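So you can see what is in the structure, the chains are spelled out below.
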Amino acid sequence: MYFDHNATTPLDPRVREAMLAWLGPRFGNPSSVHGIGRAAREAVENARQQVAFLIGASPSRVMFTASGTEANNAVVFSCAENRSSGHFVLSAIEHPSVQAAADRLEAAGWAITRVAPDRSGRVEPQRILEAIREDTAVVSLMLANNEIGTIQPVAEVAAGCRQAGVRVFCDAVQAAGKVPVDVESLGVDFLSIGAHKFHGPLGAAALWVRGGIDFAPFMVGGGQERRQRAGTENVPAIVGFGVAAELAATELAERGTRLAALRDAFESGVKRLADVVIHGAESLRLPNTSNLSFPGISAENLMIRLDLQGVAVSTGAACSSGKVESSATLAAIGLSEEEAASSMRLSFGITNQPAEVAQVLRVLEGELARLSVADEGGG
Ligand SMILES: Cc1ncc(COP(=O)(O)O)c(C=O)c1O
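Residues numbered from 1 in each chain as written. Predicted model: local features only at pLDDT ≥ 70, side-chain atom pairs only at ≥ 80, totals over all residues. Heavy atoms only, no water.

Some remarks on the state of the cysteines
Following the criterion strictly, the structure yields zero disulfides and no others. Of the cysteine sulfurs around C79, a residue in no disulfide, the closest is that of C161, at 11 Å. C170 carries a free sulfur, and the closest cysteine sulfur to it, the one in C161, is 11 Å from it. Looking at C170, the relative accessible area reads 0%, which means it is buried. (Disulfide = S-S within 2.5 Å. Buried < 20%, exposed > 50% of the residue type's maximum accessible area, 1.4 Å probe, protein only.)

Structural notes on the pattern of salt bridges
Scanning the model with the defined rule gives 22 salt bridges in all. For the salt bridge of D4 with R345, the shortest nitrogen-to-oxygen distance reads 3.0 Å. Of the two residues, D4 sits in the segment before α1 (13-22) while R345 sits in strand β13 (residues 343-347), which places them 341 residues apart along the sequence. Look at the salt bridges and you will find they share partners, linking R41, E45, R48, E225 and E233 into a network. (Salt bridge = Lys/Arg side-chain N within 4 Å of Asp/Glu carboxyl O. Helix = DSSP H or I, 4+ residues; strand = E, 2+ residues; numbered from the N terminus.)

Let's talk about the site of the ligand
Residues in contact with the ligand amount to 13 residues; listed here are only the nearest, G68, T69, D171, Q174 and K197. Between an oxygen atom of the ligand and a side-chain N or O atom of H95, the distance comes to 3.5 Å. A distance of 2.7 Å separates an oxygen atom of the ligand from a polar atom in the side chain of Q174. In isolation the ligand exposes 390 Å². Once the protein is present, 86% of that is buried. Residue contributions to the shell around the ligand peak at three residues, all from helix α3 (residues 68-80). Residue composition of the shell around the ligand, by class: two nonpolar, nine polar and two charged. (Near = heavy atom within 4 Å. Polar contact = N/O pair within 3.5 Å; in protein donor to acceptor, adjacent residues only side chain to side chain. Areas by Shrake-Rupley, 256 points an atom, 1.4 Å probe, with all protein chains shown as cover. Nonpolar A, V, L, I, M, F, W, Y, C, P; charged D, E, K, R; others polar.)

Considering the domain arrangement of the protein
When the domains of the protein are assigned, the result is domain 1 (13-247) and domain 2 (251-376). On a C-alpha basis, the centres of domain 1 and domain 2 stand 28 Å from each other. Listed as interface residues are 26 residues of domain 1 and, on the opposing side, 26 residues of domain 2. Across the interface of domain 1 and domain 2, roughly 2,200 Å² is buried in total on both sides, 54% from carbon and sulfur atoms. (Domains from an automatic or database assignment. Contact = heavy atoms within 4.5 Å. Buried area = accessible area lost by both parts, 1.4 Å probe.)

Overview of the layout of surface pockets
Any empty space left between the atoms is revealed when a probe the size of a water molecule rolls over them. Empty space within the second largest pocket amounts to approximately 250 Å³. If you trace the second largest pocket, you find 13 residues lining it, with S78, C79, R83, R167 and D214 closest to the centre. Residue assignment for the lining of the second largest pocket shows that the elements contributing at least two residues are α3 and β4 (136-140). Looking at the lining of the second largest pocket residue by residue, the classes come out as six nonpolar, three polar and four charged. (1 Å grid on protein atoms, 1.4 Å probe; cavity = no way out; pocket = protein on both sides within 12 Å on 5 of 7 lines; lining within 4 Å. Points joined across faces, edges and corners; volume = space filled by probe spheres on them.)

Some points on the side chain of T315
Secondary-structure assignment places T315 in strand β10 (residues 314-315). Among residues more than four places away in sequence, those in contact with T315 are A299, E300, M303, S343, M344 and R345.

Considering the sheet that holds strand β6 (residues 190-194)
An order of β1-β7-β6-β5-β4-β2-β3 is seen for the seven strands of this open sheet, with the pairing classed as mixed. In this open sheet, the two strands that pair with only one neighbour each are β1 (62-65) and β3 (111-115). Here the average twist between neighbouring strands, direction ignored, is 20°. The sheet contact formed by strand β5 (residues 167-171) and β6 spans three bridges and is parallel. When the bridges of β6 are listed, D171 appears paired with S192. The strands that α3 touches are β1, β2 (87-91), β4, β5, β6 and β7 (205-209); relative to β7, the one it contacts most, it runs at about 30°. (Pairing = 2+ DSSP bridges. Axes fitted to C-alpha atoms, helices over the stretch in contact; angles between N-to-C directions.)

Things to note about the packing of aromatic side chains
In total, this model carries five aromatic pairs according to the counting rule given. Relative to F348, the ring of F266 lies with its centre 5.8 Å away and its plane at 55°, an arrangement referred to as tilted. On the criterion of sequence distance, the pair formed by F266 in helix α9 (residues 235-273) and F348 in the loop between β13 and α13 (354-376) is long-range, its members being 82 residues apart. Given a relative accessible area of 1%, F348 falls into the buried group. Ring pairing ties together the aromatic residues F3, F266 and F348, which thus form one cluster. (Phe/Tyr/Trp six-rings, centres within 6.5 Å; stacked < 30°, edge-to-face > 60°.)

Some points on the sheet that holds strand β8 (residues 277-279)
Strand pairs in the sheet, formed through backbone hydrogen bonds, run parallel or antiparallel to each other. Strand order in the open sheet made by the four strands is β8-β9-β13-β10, with antiparallel pairing throughout. At either end of the open sheet lies a strand with only one pairing partner, and these are β8 and β10. Bridge count for β10 against β13 is two bridges, and the pairing is antiparallel. What sits directly across from T315, in β13, is M344. Each of β8, β9 (289-293) and β13 touches α9; the most contacted strand, β9, lies at about 15° to it.

Encoded structure:
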């Protein structure tokens, strides 16, 4: 039973079907001028339209990248290009691909302001706008947080940034395909999304850049992606990304209702089992994400026990490269180390069934009882 869809999602069979042709009989370099190349170009351009439609954008402003991380790095470093110093404002709960890029700028002499969210995980727009200075180059605010799912007031922040003449970037990687994303109503200048969070393939993502905004390419080489992102396009993954985006756009409302029903059934069930604290519940949240603390219980132990029972969840601590680090997001919302260490995330997906929620609650009940006995026995 897989409840870790914010990490990645299984490929939709309809997406796989579309990709298979490009992993077999069809192939080609979209930059080649012969017929085989032109067919690959057509497939990429078709996908660009599908992806652009999902975010209410013009296809000509969408460039494909190999990951959400690459798109996010590209925005930060592009805004810093040709400036030896400046100021960058970001929320304290941005994804590590934005945080680490900010750290690099800081090491190079930039001033960085990290704006903390409230206890529910929402960043107050006024606090971001107050941080803007004369030399602020860009403001970064994600649309939905990957760990607790809180949806951020991006449109309000973007309106204020526009008045101040400051560029604004929105990482919508975790939001796209789960809640409506529209570049115009958000009013941002840059926006990133990634296919593998909504049943598309790994290794395909996109960056949208508003017309008229300067963008300094992060990847240089050939003239691909209108000279904004060099590198031969990953045609099979991009084709899959396009189909996943089209399906997400068509099924968005239905998916949202289904996901929220699973999440709500889980949360009401878990509240009957234990004295849990559900993070972000007072804020607008993604329909699929539940992040909760089990006071006095080690979430890592619980996660391992669930894994042994065939249940995949993730802990409040972000696990990257095999090493478990404490979560910056949970610390930013004011959790103590102990509270963060007792936090677990379940993120539901469209293939989860209500019966799986009932089953995970049964498994959880047994494991929580065993862990409390172990704790009482000093184990
Ligand atoms: C909010 C957010 N931004 C960016 C990323 C990075 O995307 P990718 O895995 O495609 O590099 C993730 C992935 O977890 C994410 O949740």
